[in-house]
Amino acid sequence: MTPATLHPSPGATALGAVPHPAHRLGNALRAIKVFAEAAFGVLVLGEYGQEAGVRRR
């Protein structure tokens, strides 16, 4: 194996110097989607307790 040297690039980090605006609409829609999936799983499919969040294919 050959050694690799990593050089940080400006602006390539997740925590950059420029503040990133929050995606409020996207976050709200994602929360609604998760809630709807959970409600559907409990009410229609009867999932609860330890089965919650387990996806069967």
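Whatever comes next refers back to the structure up there.
Rules and cut-offs
- Residues numbered from 1 in each chain as written.
- Predicted model: local features only at pLDDT ≥ 70, side-chain atom pairs only at ≥ 80, totals over all residues.
- Heavy atoms only, no water.
- Helix = DSSP H or I, 4+ residues; strand = E, 2+ residues; numbered from the N terminus.
- Buried < 20%, exposed > 50% of the residue type's maximum accessible area, 1.4 Å probe, protein only.
- Areas by Shrake-Rupley, 256 points an atom, 1.4 Å probe, with all protein chains shown as cover.
- Patch = residues over 30% accessible without salt bridge, like charges linked within 9 Å, V, L, I, M, F, W, Y side chains within 5 Å.
- Salt bridge = Lys/Arg side-chain N within 4 Å of Asp/Glu carboxyl O.

1. Points about the overall build of the protein chain
Here is step 1 of the chain: Secondary structure assignment for the protein chain yields 1 helix and 0 strands.
Here is step 2 of the chain: Burial status across the protein chain gives 2% buried among its 57 residues.
Here is step 3 of the chain: Element-wise, carbon and sulfur atoms account for 65% of the exposed surface of the protein chain, whose accessible area totals about 6,100 Å².

2. Here's the deal with a nonpolar patch on the surface
Here is step 1 of the chain: Taken together, the side chains of Phe40, Val42, Leu43, Val44 and Leu45 make up a nonpolar region of the molecular surface, amounting to roughly 540 Å² of accessible area.
Here is step 2 of the chain: You can see Leu45 is positioned in the segment after helix 1 (24-43).
Here is step 3 of the chain: Accessibility expressed as a relative area gives 54% for Leu45, which makes it exposed.

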